[in-house]
Amino acid sequence: MQIIPSVTVQFGLYDVVDGERRLCGVAAFGVPVSTAVLTKPLPELRPSTNRV
């Protein structure tokens, strides 16, 4: 497994068929390097001020 420094949480997504687990995807969450990661696709978002 490759370790990426900015990744804080990693998940494996499994599908279970006939009792057998098969890896079907992964999700990796972390701190973005730049606020542009959010503001490019969501220009109305103000980083560090909008809360869910």
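Residues numbered from 1 in each chain as written. Predicted model: local features only at pLDDT ≥ 70, side-chain atom pairs only at ≥ 80, totals over all residues. Heavy atoms only, no water.

Student: Give me the overall build of the protein chain: which residues, what numbers.
Tutor: Secondary structure assignment for the protein chain yields one helix and two strands. Buried residues in the protein chain amount to 6% of all 52 residues. Taking all contacts inside the protein chain whose residues are at least 6 apart in sequence as the whole, residues at least 24 apart take part in 6%. Accessible surface, the protein chain: about 4,900 Å² in total, of which carbon and sulfur atoms supply 59%. (Helix = DSSP H or I, 4+ residues; strand = E, 2+ residues; numbered from the N terminus. Buried < 20%, exposed > 50% of the residue type's maximum accessible area, 1.4 Å probe, protein only. Contact = heavy atoms within 4.5 Å. Areas by Shrake-Rupley, 256 points an atom, 1.4 Å probe, with all protein chains shown as cover.)

Student: So what's going on with the pairing of strand β2 (residues 20–30)? Residues and values would help.
Tutor: Pairing between strand β1 (residues 7–17) and β2: 10 bridges, direction antiparallel. From the neighbouring strand, L13 faces β2, where its bridge partner is G25. Hairpin connection, β1 to β2: the antiparallel pair is bridged by two residues, and D18 has positive phi, about 55°. (Pairing = 2+ DSSP bridges.)

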